[in-house]
Amino acid sequence: MYKLVVIDLDGTMLNHYGEISKKTKETVKTCIEKGIEIVLASGRPIDSIKSIAEELKLNGYFIAGNGALIYDIQKDNIIYENYIKKEKVLEIIKICEENSIAYNLYTEKVILTTNLKFNVLYYYKENLKKEENKQTNISIVENMYEYVENMENNKFLKITICDENDKIFHSIIKKLKEINGIEVLDVEHMSRKIIKQGTEEIPVEYFYSEISASNVDKWNAIEFLLQKMELKKEEVMAIGDNINDKKMIEEAGMGVAMRGSTPEIIKVAKEVTDTNDNDGVARVLEKYLL
């Protein structure tokens, strides 16, 4: 029996509009009533995940920044953290600026960006549908290097790199991989999201990678929770769709990939469920837990 279910958000629990379906909410609620611990694991910052955890009425833990921190919902505090050092952040900003590639910096509470493009544009549009206290905090910064250099809070979760051009994107990723003390996520396929604008649906497509401190991974964070909760990895179900979910899908007792996931994830998963637009999370929870 699986006692802990760890679920990715974008591309997994959330549909292409950034929403959780009624069926998924009801299924999660039933799992909680049966005593199963549901933990969200995302690359998003704290407040962005917290609003989703509230929507699902979760009161345990969630993993932010792809494993850079674990947040205790009930106690309202961080119980585990592994941040990127400021000098590494500045080195990455310099390379991105010199090569005119889009990037965003995630702290615990806010996404810092120089403009509203790609994934940050998606979060911005998502905010328009939410109450102010449930929005993802986004701050547009004119001079990122100078701003970060003068920051007193040095809790940097991750940096995202985005570009529409395959060659430009991969050439910058190659340069970034030469920096010691960081992990650069290998991503080969484009990220695809849909933004609703009135009756119009606008696709947002771009190549995307994430940079974190060394040894930051969702599974490393899960292992911390397993010790705390006195559970075995065989009692864990992990559900995801992208390369940052690979290790947790490989290591969990039941690793589940969404249909349409990156091929590398499909290969390592023990089960492939339906898509995020067709209640894939709810279907696999019903199959194995209910």
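Our structure is the block above this text.
Note that the structure is a prediction, hence the values are computed from the model and not measured.

Conventions and cut-offs
- Residues numbered from 1 in each chain as written.
- Predicted model: local features only at pLDDT ≥ 70, side-chain atom pairs only at ≥ 80, totals over all residues.
- Heavy atoms only, no water.
- Pairing = 2+ DSSP bridges.
- Helix = DSSP H or I, 4+ residues; strand = E, 2+ residues; numbered from the N terminus.
- Axes fitted to C-alpha atoms, helices over the stretch in contact; angles between N-to-C directions.
- Contact = heavy atoms within 4.5 Å.
- Polar contact = N/O pair within 3.5 Å; in protein donor to acceptor, adjacent residues only side chain to side chain.
- Buried < 20%, exposed > 50% of the residue type's maximum accessible area, 1.4 Å probe, protein only.
- Salt bridge = Lys/Arg side-chain N within 4 Å of Asp/Glu carboxyl O.

(A) Examining the sheet that holds strand β15 (residues 271-273) more closely. Pairing in this open sheet of eight strands is mixed, and the strands run β5-β4-β3-β2-β1-β13-β14-β15 from one edge to the other. Each edge of the open sheet is held by one strand with a lone partner, namely β5 (77-81) and β15. The mean angle between the axes of side-by-side strands here comes to 20°, regardless of whether they run parallel or antiparallel. In the packing of helix α2 (residues 46-55) onto the sheet, the strands contacted are β2 (37-41), β3 (61-64), β4 (69-72) and β5, and the crossing angle to β3 comes to about 145°. Across the sheet, helix α7 (residues 218-229) touches β1 (4-7), β2, β3, β4, β5 and β13 (236-240), and the angle it forms with β3 is around 155°.

(B) Just the side chain of Asp47, in detail. When you line up the elements, Asp47 lands in helix α2. Within the structure, Asp47 has its side chain in polar contact with the side chain of Asn137 (distance 3.1 Å). Apart from residues lying up to four places away in sequence, Asp47 is in contact with Glu108, Lys109, Gln135 and Asn137.

(C) Representation of the pairing of strand β11 (residues 191-197) within the structure. Inspection of the sheet shows β11 paired to strand β12 (residues 200-213) by seven bridges, in the antiparallel sense. Within β12, the residue paired with Arg192 across the bridge is Glu205. Between the end of β11 and the start of β12, which pair antiparallel, lie two residues, with Gly198 showing a positive phi angle near 65°.

(D) Spatial organisation of the environment of Glu19. As for its position among the elements, Glu19 is in the loop between β1 and α1 (22-33). With relative accessibility at 32%, the residue Glu19 sits in the partly exposed group. Sequence separation between Glu19 and Asp277 is 258 residues, and the spatial gap between their C-alpha atoms is 9.5 Å. Beyond its immediate chain neighbours, meaning those up to four positions away, Glu19 contacts Met13, Leu14 and Lys129.

(E) Quick peek at the pattern of salt bridges. Within the structure shown, the criterion is met by 18 salt bridges. For Glu271, the salt bridge goes to Lys287, with nearest N and O atoms at 2.9 Å. Taken together, the residues span a long stretch of sequence, with Glu271 in strand β15 and Lys287 in helix α10 (residues 280-289) at a distance of 16 residues. Given the relative accessible area of 15%, Glu271 is considered buried.

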